Amino acid sequence: MTGNDASARPAPQTPEHFDVLIVGAGISGVGAAYHLRQQCSEKSFVVLEGLESFGGTWLMHTYPGIRSDSDLYTFGYRFKPWTGPPIASAGEILTYMGEVIDENDLAPHIRYGHTINRASWSNDENLWTLEGTRSDTGEPVHFTANFLWMCQGYYRHSEGYTPKWEGMDDFKGPIIHPQTWPEDLDYKGKNVVVIGSGATAATLVPAIAGDCGHVTILQRSPTYFIPGGNKNDLADQLRDLEVDETWIHEIIRKQILHGQRVLTRLSFEQPEMVKEQLLAGVKAYLGPDYDIEKHFTPKYLPWRQRIAFVPDGDIFKGILSGKASIVTDEIEKFTKEGILLKSGEMLEADIIMTATGFNLSVLGDIDFAIDGKPVDFSETVTYRGMMFTGVPNLLWIFGYFRASWTLRVDLLGDFVCRLLKHMDKTGAKKITPQLRLEDEDMPLLPWMDPENFNPGYLMRSMHLLPKRGDKPDWQHTQDYWAERDDIPAIDLEDDIFEYE
Ligand SMILES: Cc1cc2nc3c(=O)[nH]c(=O)nc-3n(C[C@H](O)[C@H](O)[C@H](O)COP(=O)(O)OP(=O)(O)OC[C@H]3O[C@@H](n4cnc5c(N)ncnc54)[C@H](O)[C@@H]3O)c2cc1C
């Protein structure tokens, strides 16, 4: 893997200047760096990353079994073929990202251990100033940049979301959130309760069940799952025919994206039919006598929250073997011995794991200011979920929920490079999205329509996010299939963009 020698440099006294500054070296930031280097090779840029290495989500989540729930043909970049089974472990994703960094000589552009705390825009200088801290020395660092590319993800990395339940302090054992997994946690032979049944629980439970005494998945309400083999028959066939990996990558991306498009469309046009099909997939593993209605039939319609892919049905196999079980109930309180449920049932536990989700973080918990005035992003309107009214020279990568996040990294990579070239050509130093005259009476709504997508972390923090309008220009539509045509066709001379 690529080292972090760049962060060993002494902090400069005066701010270092770059044309473009990228915050975050996760899959978005590394993709952003690649596109800048390929498409805008004359631009100077730096990637500032708070952690000691690249990978973001895939570096900091270390719980057993951590893996993607998207296929890597589409979660991988469009420019680097994925050659393994579709679902990948965090380690495999890190190896892939490391290769992207090495093959494209991106390492000299990345500074690790640099956490950004403040970003200030000056209208006089048309410049962002970033203030941060180095993790190795604790020294302050300062940078200036013309354009700020925010690739800091969407959730707080320091800690996950754990609801407060009565009696938590009374519990005799550890309460662990998978986002902050202790390296030395000994769960061998232990009785474990995992609270939550989303993608994290679906990954964690099969990975630990074999070693634990027993694992109980405690859910308030069920999640949709898609069981399936961790393989792609067409990819394997093409490999047998010795087709070039670049072609395989392209073909399999098209195949998967087509299938996802059909599923997404059907989820809105014929949700009951999709629901039946998803439940039939679970029934096929658990058999006709299992209470699918109670434990695996969500209250929401398909695709209003992420659907967890279960490679080889591993979580169902755990349930069938008796090593894992599922309880659908609500927590009354924690006790010394475990969890008392509202039904009166008692779940005894040695360890409780809270797979209860994230805390959303809007733009990396960085304090933003424009000419000294703090920016409240909830008072801005988002331009396509990537820029914000009144905030100059800034773009945020917020990927897709129903398709792989990285598809948007590539799309927005093209967009930023096209925009920077356009600004160079026209001599513009500043671009600020603004509502047009025709947008003035547009209703302003929360970032995401809860009828469309409603996971807990989004519902809890919607008030912090920018507003959306009722036109595609003014919202993150979450529709990759429309955006792959719309974003390359954006008219950079539209009145939405104010240039100076
Ligand atoms: C367990 C898990 C599994 C997931 N699986 C999938 C999946 O299969 N498919 C999918 O599409 N999505 C998945 N997601 C969503 C996932 O987060 C994104 O797909 C993607 O990895 C996000 O990449 P990113 O680079 O935008 O953000 P992150 O991976 O969150 O990386 C952001 C980086 O920015 C750094 N950073 C943040 N703030 C600052 C700051 N102030 N200063 C300096 N550095 C900063 C962080 O340290 C981090 O390294 C998953 C998420 C989780 C938590």
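(A) Local environment of the site of the ligand. Contacts to the ligand come from 31 residues, most closely from G24, G26, G56, G153 and W405. Every element with two or more residues in the shell around the ligand is listed here: α1 (27-39) and β4 (114-122). When residues in the shell around the ligand are grouped by element, the largest group, three residues, is from α1. Residues belonging to the shell around the ligand are distributed by class as follows: 11 nonpolar, 18 polar and two charged.

(B) Looking closely at the pairing of strand β13 (residues 331-334). Alignment of β13 against strand β14 (residues 338-341), held across three bridges, turns out to be antiparallel. Bridge pairing links I331 to L341 in β14.

(C) How the structure looks around the nonpolar core. Grouped together as the largest cluster of nonpolar side chains are 130 residues, with contacts concentrated most on L21, V30, W149, M150, V194 and V205. When residues of this core are assigned to their parent elements, the largest contribution, nine residues, is made by helix α11 (residues 405-426). Looking at which domains feed residues into this core, each of domain 1 (4-157 + 360-499) and domain 2 (162-231 + 289-356) supplies at least three. M150 has contacts with V23, L363, G364, L394, L395, W396 and I397, leaving out every residue within four places of it along the chain.

(D) Representation of the packing of helix α7 (residues 245-269) against helix α8 (residues 271-286) within the structure. With their axes 5 Å apart at the nearest point, α7 and α8 run at an angle of 120° to one another. The angle between the axes of α7 and α8 places the two elements in the oblique class. Residues L263, L266, S267 and F268 of α7 form the contact with α8, whose own contacting residues are P271, M273 and V274. Each residue belonging to the contact of α7 with α8 can be placed in one class, and the counts come to six nonpolar, one polar and no charged.

(E) Inspection of helix α10 (residues 314-321) at higher detail. Taken together, the buried positions of α10 are occupied by I315, F316, G318 and I319. All buried residues of α10 lie within an arc of 155° about the axis, which places them on one face of the element. Phi for G322, located one or two positions after α10, is positive at around 90°.

(F) Fine view of the sheet that holds β13. Spatial ordering of the open sheet is given by β13-β14-β15, a layout of three strands whose pairing is antiparallel. The open sheet has two edge strands with one neighbour each: β13 and β15 (346-348). The average angle at which neighbouring strand axes cross in this sheet is 20°, direction not considered. Here β14 pairs with β15 via three bridges, running antiparallel. Considered in β15, the bridge of L340 is made with M346.

(G) How the structure looks around the domain arrangement of the protein chain. Here the protein chain is partitioned into domain 1 (4-157 + 360-499) and domain 2 (162-231 + 289-356). Just the C-alpha atoms count here: the centres of domain 1 and domain 2 sit 33 Å apart. Between domain 1 and domain 2, the residue contacts involve 17 residues of the former and 19 residues of the latter. Among the residues making up the side of domain 1 that touches domain 2, the classes are represented as nine nonpolar, five polar and three charged.

(H) Local environment of the sheet that holds strand β16 (residues 351-354). A sheet is described by the order of its strands in space; here five strands give the open sequence β7-β16-β8-β9-β12, paired in parallel fashion. Either end of the sheet is taken by a strand with one partner, and the two such strands are β7 (175-176) and β12 (324-328). Examined bridge by bridge, β7 and β16 share two bridges and lie parallel to one another. For I175, the partnering residue across the bridge sits in β16 and is I352.

(I) Layout of the environment of G413. The topology assignment puts G413 in helix α11. Among the residues examined, G413 registers 25 C-beta atoms within 10 Å and is labelled buried. Sequence separation of G413 and W149 is 264 residues, and the distance between their C-alpha atoms is 9.9 Å. Apart from the residues lying within four places of it in its own chain, the contact partners of G413 are G31, A32 and H35.

About the criteria used
- Residues numbered from 1 in each chain as written.
- Predicted model: local features only at pLDDT ≥ 70, side-chain atom pairs only at ≥ 80, totals over all residues.
- Near = placed C-beta within 6 Å.
- Helix = DSSP H or I, 4+ residues; strand = E, 2+ residues; numbered from the N terminus.
- Nonpolar A, V, L, I, M, F, W, Y, C, P; charged D, E, K, R; others polar.
- Pairing = 2+ DSSP bridges.
- Core = buried A, V, L, I, M, F, W, Y, C linked by C-beta atoms within 7 Å.
- Buried ≥ 20, exposed ≤ 12 C-beta atoms within 10 Å, placed from the backbone.
- Domains from an automatic or database assignment.
- Contact = placed C-beta atoms within 7 Å.
- Axes fitted to C-alpha atoms, helices over the stretch in contact; angles between N-to-C directions.
- Parallel < 35°, antiparallel > 145°, perpendicular 65-115°, else oblique.
- Arc of directions from axis to C-beta.

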